[in-house]
Amino acid sequence: DAGVIQSPRHEVTEMGQEVTLRCKPISGHNSLFWYRQTMMRGLELLIYFNNNVPIDDSGMPEDRFSAKMPNASFSTLKIQPSEPRDSAVYFCASSTSTGLETQYFGPGTRLLVL
Amino acid sequence: AQTVTQSQPEMSVQEAETVTLSCTYDTSESDYYLFWYKQPPSRQMILVIRQEAYKQQNATENRFSVNFQKAAKSFSLKISDSQLGDAAMYFCAYLRGATNKLIFGTGTLLAVQP
């Protein structure tokens, strides 16, 4: 079975540009999570969806960040406009449900904002 | 608030030897899961092992086992017969079902010497 799929794997952009990260969860999983990993803050949850509905977006840093999940097999995380401090590795993870379930991570997108 | 502490920033082990990585956590909850994830240089987050708090028996996955001390809030990972491919950053993580949020420690970088 395919794991969580993320694209692109690497993204280099200039400050002020829009960045869109994409995620396809594991088939049959109905919870999807976006995490960000930085040296300063480690791994932190940005937002998670259950059955395509955003449940907790308290980790989204500011209005420049937005996330959508239009269907069970696709989610996007958008940064507009991007800033150098957004440079990080962004992970998508999925699980079979909310609550106490294992979250399986995608390979991550390494974002560099110049 | 829940916290996860990994007090060993770096560890080193000889190939074929055994190493133990430490993790402590703070929570007032009784129902939760604990995880160890491995992050090799590729940055992929790979699940190593999971422990349900309600289970007294320590989890084991091949060469990986945990020592779960619920009263002491301790969750260490033992790697037996260490292999070169075990070299990676290891993250301890806590999951509380009510929030669905994985709380990660700061990680332990494991080096395996040939």
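Read on for an overview of the structure. (Residues numbered from 1 in each chain as written. Chains lettered and ligands numbered in written order. Predicted model: local features only at pLDDT ≥ 70, side-chain atom pairs only at ≥ 80, totals over all residues. Heavy atoms only, no water.)

### Considering the overall build of chain A
So, step 1. The number of helices and strands found in chain A is zero helices and 11 strands.
So, step 2. Taken from N to C terminus, the helices and strands of chain A fall in the order β-β-β-β-β-β-β-β-β-β-β.
So, step 3. Taken over the C-alpha atoms alone, chain A extends approximately 35 × 30 × 25 Å along its principal axes.
So, step 4. Looking at chain A as a whole, 49% of its 114 residues qualify as buried.
So, step 5. Considering only contacts in chain A between residues 6 or more positions apart, those separated by 24 or more positions represent 54%.
So, step 6. In the structure as shown, chain A presents an accessible area of about 5500 Å², 50% of it carried by carbon and sulfur atoms.
So, step 7. The distance from the centre of the 10 positive side-chain charges to the centre of the 12 negative ones in chain A is 4 Å. (Helix = DSSP H or I, 4+ residues; strand = E, 2+ residues; numbered from the N terminus. Buried < 20%, exposed > 50% of the residue type's maximum accessible area, 1.4 Å probe, protein only. Contact = heavy atoms within 4.5 Å. Areas by Shrake-Rupley, 256 points an atom, 1.4 Å probe, with all protein chains shown as cover. Lys, Arg positive; Asp, Glu negative; His and termini not counted. Charge placed at Lys NZ, Arg CZ, Asp CG, Glu CD.)

### Here's the deal with the environment of Ser65 of chain B
Residues and elements named next belong to chain B.
So, step 1. By secondary structure assignment, the location of Ser65 is in strand S8 (residues 64-69).
So, step 2. Judged by its relative accessible area of 16%, Ser65 falls in the buried class.
So, step 3. Taking the C-alpha atoms as reference points, Ser65 and Tyr32, 33 residues apart in sequence, are found 18 Å from one another.

### Structural notes on the nonpolar core
Nonpolar side chains in soluble globular proteins tend to end up buried together.
Residues and elements named next belong to chain B.
So, step 1. One finds Tyr25, Trp36, Phe75, Leu77 and Tyr90 to be the most contacted residues of the largest nonpolar core, which totals 25 residues.
So, step 2. Where this core is concerned, the elements lending two or more residues are strand S3 (19-21), strand S5 (32-39), strand S6 (46-52), S8, strand S9 (74-79), strand S10 (88-96) and strand S12 (108-113).
So, step 3. At four residues, the largest contribution of residues to this core is made by S10.
So, step 4. Those residues within four positions of Tyr90 in sequence are excluded, and the remaining contacts are Gln6, Leu21, Trp36, Tyr37, Lys38, Val48, Phe64, Leu77, Ile79, Gly107, Thr108 and Leu110. (Core = buried A, V, L, I, M, F, W, Y, C linked by side-chain atoms within 4.5 Å.)

### A word on the state of the cysteines
So, step 1. This model, assessed by the stated rule, comprises two disulfides over all chains.
So, step 2. For Cys23 of chain A, the disulfide goes to Cys92 of chain A, at an S-S distance of 1.9 Å. Between Cys23 of chain A and Cys92 of chain A, the S-S dihedral sits near -70°, and the bridge is therefore left-handed. Within this pair, whereas Cys23 of chain A is found in strand S3 (residues 19-24), its partner Cys92 of chain A is found in strand S9 (residues 88-95), the two being separated by 69 residues in sequence.
So, step 3. Between Cys23 of chain B and Cys92 of chain B runs a disulfide, and the two sulfur atoms are separated by 2.0 Å. Here the disulfide of Cys23 of chain B and Cys92 of chain B is left-handed, its torsion about the S-S bond being about -70°. Separated by 69 residues along the polypeptide, Cys23 of chain B in the loop between S3 and strand S4 (24-26) and Cys92 of chain B in strand S10 bring together distant segments of the chain. The same class applies to Cys23 of chain B as to Cys92 of chain B, namely buried. (Disulfide = S-S within 2.5 Å.)

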